[in-house]
Amino acid sequence: MVASSIASVSSSNLLRRNVRILLIGDPGVGKTSLILSLVSEEFPEEVPSKAEEITIPADVTPEHVPTNIVDYSALEQSEENLIEELQKAHVVCVVYSVDDENSLDRISSYWLPFIREHNQGENRKPVVLVGNKIDLVDYSTIDHVLTIMEDFNEIESCVECSAKTLHNISEMFYYAQKAVLHPTAPLYIMEEQDLTEKCKKALIRIFKVCDIDGDGLLNDYELNHFQRRCFNAPLQPTVLDEVKAVLMKNTPDGIRDDCVTLSGFLFLHCLFIQRGRNETTWAVLRRFGYNENLEMSKDYLCPSIKIPPGSSTELSHRGQQFLMALFERSDKDNDGALSPDEFKRVFSACPSPPFSSDIKRTVPTNDKGWPTQHGWICRWTLQTFIELPKTLEYLAYLGFNVHENESQLTAIHVTRERRIDLAKKQSSRTTYMCHVIGMKGAGKTALCRAFLVDDMKKLKDKDLRGNNQYCINTVQVYGQEKYLILRDIDVRQVLDPLQPQEVLCDVACLVYDISDPKSFEYIARIYIKYFAESKIPVLIVGAKGDMEEKRQDYLLQPAEFCQKYKLLPPQYFSFKHNKRDLYIKLGTMASFPRFQPAWILFYKHSQLKHFGLMTNDPTLWWKTVLGIATCSVLGFFVVRALHSATTR
């Protein structure tokens, strides 16, 4: 069986740092003798009424966890002491004497009801029944004990032993440890001989994550991948054949096309538990992030990550590769897009999808509005930028930790601080945030949605409706692909102030309607109030550029305003004649903040005109290059002089 090929669960998989075992029972049943026999490996001739608390180091316990063993004596301790010890214990061993029927009867009549009364709720402690003095009789009490276990489901196991002959002493304490570290109750319902609903739900998710090709079966490769990830060991061919033989014998639909089905997978874990190999199922559950309550732990879903102020988060190359491979596996019809059914199957192992399948107003899609692979990566890039915890959480749900064999933090890249970008006047980021600000009706939404399509004729009026706040696509900046996020800042009332999070961005796009005389004044006041003294690059955009331009009711016209504040001349945008140059400009300005020469230096002659900075002077190009070179040399000597002055 698979269980026989599995190595012991390492201590890194265990959630507890120690195990505290409490021994209780009637006087004279041998509680103290059991503890002393374990420690000294011989039966004590003189036994005190109570043993002192014993601590067993991790390196000598089967599960490599420090273990504290606590004795209880009714002669020396009160009932209040017992209740206190019950609350501190992780597992309770109720000891009886196999040659004393009264001590066995009192397990169900007194001890177990007492434990239940003072040990209720979700933190109810598991119980191990221990029959001592087996050397004095020639019969077993296990059958009687099994009837008790039917009435008290907190009993994890039972064992008969002898403190005098040391028979099963080590096994007794191993079972106690196991009851804490690998409890049965969360996994299995004894009365129904079946897995609990929580356990089934967790194992179904694990099956789906391991089903790499998404065919609803685990083939030999997928089973080996599962085995390696969970137990750091390959699944030997002979063992694999044994597994399939057991499934074919015991469950009719456990094997299909020489692969393990979901029902076969669940049956195997049921079998492990029935054979007392709880640790196998727990090892699998813990490898996939589940805690003692069979819920995915917070540390597994959202590992701690330090993000300095001014830094942002992006998908790393490994993160992108994982998500691209996930897309390719899910695109069953190979049409380059995820249909609603394919989208649903991608997230079948998750509590719910992290975002809606209707994302055509947020990312590029095909003609049916289904996300393409490019749009898929764009959507994850957006989420990583604005909501990192959810990206980490869903990468865990989707199995990144298992498939990549590392924390999902390796899927994330934390950028350097923005202040460093500003000082260097260039950025190495791949994702930038642009805030699009303007009055209602100025054309912000059209500008944002146009970023997602190449042919404006594909956009319909309904595509401009809705409250989608973000649009994301890529632009080429000096031959490098950059993700640009356009955030449509919702202006409720003209006089409403902008919040700090509505101002802070990599580049601001202030939009006015050239056909509305009152439109420009709003963004002019916004610029003066929020951006004039900031280091955020700003581009003024005149929307509805195909309409007649009206003189603005403001003391300065847009071109004069831009000239006064040393901004690029107003750029015109038309919904009917969309040109991607506008978005390239925004991406370039974000990549090279506060460095205008870089915004134009490497553009071709025709592109310079689009920036509004091209004159009839044929020597402008050379003047620009010469000016930048002069500034660079001058800057070098200034820095050198300052350095020399500080070292004197």
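Residues numbered from 1 in each chain as written. Predicted model: local features only at pLDDT ≥ 70, side-chain atom pairs only at ≥ 80, totals over all residues. Heavy atoms only, no water.

## A word on the overall build of the protein chain
(1) Moving on: On a plain count of helices and strands, the protein chain comes out with 25 helices and 18 strands.
(2) Moving on: Within the protein chain, the proportion of its 648 residues that are buried is 52%.
(3) Moving on: Here the contacts in the protein chain between residues at least 6 apart in sequence split such that 71% fall between residues at least 24 apart.
(4) Moving on: Summed over its atoms, the accessible surface of the protein chain is roughly 31,700 Å², and 51% of this surface lies on carbon and sulfur atoms. (Helix = DSSP H or I, 4+ residues; strand = E, 2+ residues; numbered from the N terminus. Buried < 20%, exposed > 50% of the residue type's maximum accessible area, 1.4 Å probe, protein only. Contact = heavy atoms within 4.5 Å. Areas by Shrake-Rupley, 256 points an atom, 1.4 Å probe, with all protein chains shown as cover.)

## What about the pairing of strand β13 (residues 431-437)?
(1) Moving on: Of all seven residues making up β13, seven are buried, and the element is well covered by its neighbours.
(2) Moving on: By the alternation rule, side chains of β13 split into T431, M433, H435 and I437 and Y432, C434 and V436, which are all buried.
(3) Moving on: As defined by bridge partners, β13 adjoins strand β15 (residues 480-488) across six bridges and the pair is classed as parallel. Counted as the bridge partner of C434 is L486 from β15.
(4) Moving on: In terms of strand pairing, β13 meets strand β16 (residues 507-513) through four bridges, oriented parallel. Pairing of C434 across the sheet is with V507, part of β16. (Pairing = 2+ DSSP bridges.)

## Some points on the nonpolar core
(1) Moving on: Counting 98 residues, the largest nonpolar core has I206, F288, W376 and F531 as the members making the most contacts within it.
(2) Moving on: The dominant element in this core, judged by the number of residues it contributes, is helix α20 (residues 519-531), at eight residues.
(3) Moving on: Aside from chain neighbours lying at most four places away, what touches I206 is F226, F265, V284, L285, F288 and Y290.
(4) Moving on: In terms of nonpolar packing, the next biggest core, distinct from the first, is built from 29 residues, Y432, V477, C509 and L568 among them. (Core = buried A, V, L, I, M, F, W, Y, C linked by side-chain atoms within 4.5 Å.)

## With respect to the UniProt feature "domain: EF-hand" (unreviewed entry) in the protein chain
(1) Moving on: Cross-referencing UniProt, the feature "domain: EF-hand" (unreviewed entry) maps to residues 318-353 in the present numbering.
(2) Moving on: Along residues 318-353, the helical share is 56% and the strand share 0%, with 22 Å between the first and last C-alpha atoms. (UniProt positions renumbered as here; feature names shortened; annotations may be inferred.)

## Examining unusual backbone geometry
Glycine aside, the phi torsion of most residues is negative, and most peptide linkages are trans.
(1) Moving on: Positive phi, normally seen in glycine, also occurs at N168, with a value near 65 degrees.
(2) Moving on: Take N168: it is sitting in the loop between β6 (155-160) and α5 (169-181).
(3) Moving on: Residue D258 is not a glycine yet carries a positive backbone phi of 65 degrees.
(4) Moving on: Along the polypeptide, D258 turns up in the loop between β9 (255-256) and β10 (259-260).

## A word on helix α10 (residues 278-287)
(1) Moving on: A large share of α10 lies buried, amounting to ten of its ten residues.
(2) Moving on: Along α10, the residues classified as buried are N278, E279, T280, T281, W282, A283, V284, L285, R286 and R287.
(3) Moving on: At the exit of α10 stands G289, carrying a positive phi of roughly 95 degrees.

## Overview of the confidence of the model for the protein chain
(1) Moving on: Averaged over every residue, the pLDDT of the protein chain is 86; residues scoring 70 or more account for 86%.
(2) Moving on: Summarising per-element confidence for the protein chain, the mean pLDDT is lowest in helix α24 (residues 605-610) (42) and highest in helix α14 (residues 373-386) (97).
(3) Moving on: Note on residues 1-14: pLDDT under 50 across the span, and 34 contacts to partners over four residues away in sequence or across chains. (pLDDT = per-residue confidence, 0-100.)

## Section: the packing of helix α6 (residues 197-210) against helix α9 (residues 262-274)
(1) Moving on: In the contact formed by α6 and α9, the axes pass within 10 Å of each other and the chain directions differ by 125 degrees. When the interaxial angle is binned, α6 and α9 end up oblique. By crossing handedness, the relation of α6 to α9 is classed as right-handed. Of the residues in α9, those in contact with K200, L203, I204, I206 and F207 of α6 are L262, F265, L266 and H269.
(2) Moving on: Residue composition of the contact of α6 with α9, by class: seven nonpolar, one polar and one charged. (Axes fitted to C-alpha atoms, helices over the stretch in contact; angles between N-to-C directions. Parallel < 35°, antiparallel > 145°, perpendicular 65-115°, else oblique. Left-handed = near helix turned anticlockwise from the far one by under 90°. Nonpolar A, V, L, I, M, F, W, Y, C, P; charged D, E, K, R; others polar.)

## So, the packing of helix α8 (residues 237-250) against α9
(1) Moving on: Here α8 crosses α9 at 100 degrees, and the two axes come no closer than 11 Å. Between α8 and α9, the angle is such that the two are roughly perpendicular. Side by side, α8 and α9 meet where V243, V246, L247 and N250 of the first sit next to G264, F267, L268 and L271 of the second.
(2) Moving on: Among the residues forming the contact of α8 with α9, the class breakdown is six nonpolar, two polar and no charged.

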